[in-house]
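Chain by chain, the residues run as shown.
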Amino acid sequence: VSYGADFDTHDNHTNRYPTLMRDLDAALGTFLTDVEHRGLAGEVLVATISEFGRRVPDNGSSGLDHGAASTALVLGPVRPGVHGEMPSLRHFDDNGNLIATVNMNEYYAMLAQQWLGVRADLVLSGAPHPLEGVSAV
């Protein structure tokens, strides 16, 4: 499901981002409450992805340009918390990007194996190992 909001905050990030997160939180909260009321909480997983992250420094227009590392949310029957190490805000790659601490293929492998019941090596190249410790099922 595409959320359809404009998360591409090249300008006015400081003012726009809190509103985007508040709206996303409300939408996800409403959805998950409905899922729970239907007795499906143990069967529904919400997993987010983004095709890009954000850079740390302001780009001169109170915004943040595209970067390499991103955040993915997994909601539902999962173990709460941060899975993977938080990227450093002081050490960047050679292009000035945050350095991702979890490969997206590990995230996709976790979704494939633990939620879809498909061996990751059948659908992802490189036979990635699933991100461990996320599933509460």
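Residues numbered from 1 in each chain as written. Predicted model: local features only at pLDDT ≥ 70, side-chain atom pairs only at ≥ 80, totals over all residues. Heavy atoms only, no water.

## Side note on the pattern of salt bridges
So, point 1. Following the criterion strictly, the structure yields five salt bridges and no others.
So, point 2. The partner of R54 in a salt bridge is D8, with the nearest N and O atoms 2.7 Å apart. Here R54, found in strand β2 (residues 53-54), pairs with D8, found in the segment before α1 (13-37); they are 46 residues apart in sequence, far enough to count as distant.
So, point 3. What makes R54 buried here is its relative accessible area of 14%.
So, point 4. On the accessibility criterion, D8 (29% relative accessible area) is partly exposed.
So, point 5. Two residues, D34 and R38, come together in a salt bridge whose shortest N-O distance is 2.7 Å.
So, point 6. Residues participating in the shared-partner salt-bridge network are D6, D11 and R16. (Salt bridge = Lys/Arg side-chain N within 4 Å of Asp/Glu carboxyl O. Helix = DSSP H or I, 4+ residues; strand = E, 2+ residues; numbered from the N terminus. Buried < 20%, exposed > 50% of the residue type's maximum accessible area, 1.4 Å probe, protein only.)

## Focus on the environment of F7
So, point 1. Mapped onto the fold, F7 is located in the segment before α1.
So, point 2. When residues no more than four places from it in sequence are discounted, the contact partners of F7 are L20, M21, L24 and R54. (Contact = heavy atoms within 4.5 Å.)

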